[in-house]
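# Examination of the molecular architecture
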Amino acid sequence: MFHIPSFDPLAQAEVVSAGQLLRQRGSRPDSVLYLDSGCVVLGVLEDGQMRHQLGVVEGPAWLDAAFALTGSSCGVDMVTDSRVRLRRISLGAFQHSLQSLPDTVATLVRDMAQGYCQQTETAVSRLAQDAEARCAQWLLRHAQHADNGTMCVTLNQRKRTIAAQLGIAPETFSRVLRHLREHGLIAGTGNVLNLPQPSALQSVAGI
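These numbers were taken from a predicted model, which means no experiment stands behind them. (Residues numbered from 1 in each chain as written. Predicted model: local features only at pLDDT ≥ 70, side-chain atom pairs only at ≥ 80, totals over all residues. Heavy atoms only, no water.)

Attention now goes to the overall build of the protein chain. In terms of regular secondary structure, the protein chain is built from six helices and 11 strands. What you see for the protein chain is a C-alpha radius of gyration of 22 Å, clearly larger than the 17 Å of a compact globule of 207 residues, by over 25%. Based on the C-alpha atoms only, the size of the protein chain along its principal axes is roughly 75 × 35 × 25 Å. In the protein chain, buried positions account for 40% of the 207 residues. Residue pairs in contact within the protein chain that sit at least 24 positions apart in sequence constitute 71% of those at least 6 positions apart. Put simply, the protein chain shows about 11,400 Å² of open surface, and 48% of that area lies on carbon and sulfur atoms. (Helix = DSSP H or I, 4+ residues; strand = E, 2+ residues; numbered from the N terminus. Rg over C-alpha atoms; globule rule 2.2 N^0.38 Å. Buried < 20%, exposed > 50% of the residue type's maximum accessible area, 1.4 Å probe, protein only. Contact = heavy atoms within 4.5 Å. Areas by Shrake-Rupley, 256 points an atom, 1.4 Å probe, with all protein chains shown as cover.)

Put into structure tokens, the structure is as follows:
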């Protein structure tokens with residue numbers, strides 16, 4: 001993303017060790033990061049772990065310039081995958097530097113940034129949808145007919161164990177169940193979940 005020299009060559013460089021969170025998804029930093037060297041992983045963190053990796057950026061490159069250009073929050077979590085050397089350019093200085101670009105170039109750069117942000121949002125959204133689909137499939141696979149004619153699922157295992165079977169974080173599993181409950185696709189308390197709309201749940205599962 002934006003493999004161009006830093007707008008501010010005087011920005012002081014800093015070294016960050018591997019495994020450090022540089023940007024949190026949903027944050028709106030007051031600076032823009034330029035990666036001089038090293039490798040940074042882009043993805044979605046869950047429970048402190050990079051559960052979904054969407055890409056890797058190797059310096060020299062801008063890390064979050066697209067989000068700064070569009071004025072949107074950071075769409076992914078950014079974690080150092082190696083020892084990196086980077087510079088932090090203040091948001092004000094970054095935006096001021098853009099004003100020196102010819103109008104046609106500035107428009108092109110902003111359009112590219114907008115496209116990148118939209119693609120990132122779509123990719124993250126699909127991850128959530130995939131998790132929903134897997135959970136819906138699991139619920140339907142373990143559903144049984146109750147005496148009153150409805151369908152229900154008995155959670156005989158811990159949610160953490162079920163989440164591991166689905167390949168998602170426990171927090172993601174709980175979030176998906178909450179989302180399904182809010183949309184009326186599951187109901188009930190304790191370890192018994194009722195499925196009042198099996199056909200709608202099948203649509204979520206992609207069946």
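What follows concerns the pattern of salt bridges. Oppositely charged side chains can form a pair if their charged atoms are brought close together. Taken as a whole and assessed by the stated rule, the structure comprises five salt bridges. Salt-bridge contacts for Glu 14 lead to Arg 88; the nearest nitrogen and oxygen are separated by 2.8 Å. Placement of Glu 14 in strand β1 (residues 13-16) and of Arg 88 in strand β8 (residues 84-90) is noted, with a sequence separation of 74 residues between them. Judged by relative accessible area, which is 27%, Glu 14 ranks as partly exposed. Here Arg 87 and Asp 36 are joined by a salt bridge, their closest N and O atoms 2.8 Å apart. Here Asp 36 lies in strand β3 (residues 31-37) and Arg 87 lies in strand β8, a separation of 51 residues in the sequence. In this structure, Arg 87 and Asp 36 share a single accessibility class: buried. Among the charged side chains, a salt-bridge network with shared partners connects Asp 36, Arg 85 and Arg 87. (Salt bridge = Lys/Arg side-chain N within 4 Å of Asp/Glu carboxyl O.)

Turning our eyes to something else, we now look at the packing of helix α3 (residues 103-141) against helix α5 (residues 170-182). Viewed as axis vectors pointing N to C, α3 and α5 meet at an angle of 75 degrees, and their least axial separation amounts to 10 Å. Looking at the two axes, α3 sits roughly perpendicular to α5. Residues Ala 131, Glu 132, Cys 135 and Leu 139 of α3 touch α5, and the partners they reach there are Thr 172, Phe 173, Val 176, Leu 177, His 179 and Leu 180. Looking at the contact of α3 with α5 residue by residue, the classes come out as seven nonpolar, two polar and one charged. (Axes fitted to C-alpha atoms, helices over the stretch in contact; angles between N-to-C directions. Parallel < 35°, antiparallel > 145°, perpendicular 65-115°, else oblique. Nonpolar A, V, L, I, M, F, W, Y, C, P; charged D, E, K, R; others polar.)

Right, let's get into the sheet that holds strand β9 (residues 144-145). If you walk across this open sheet you meet the three strands as β9-β10-β11, and the pairing is antiparallel. The two strands at the open ends of the sheet, each matched to only one other strand, are β9 and β11 (192-195). Pairing of strand β10 (residues 151-154) with β11, which is carried by four bridges, proceeds in the antiparallel orientation. Bridge pairing in β11 links Val 153 to Leu 193. (Pairing = 2+ DSSP bridges.)

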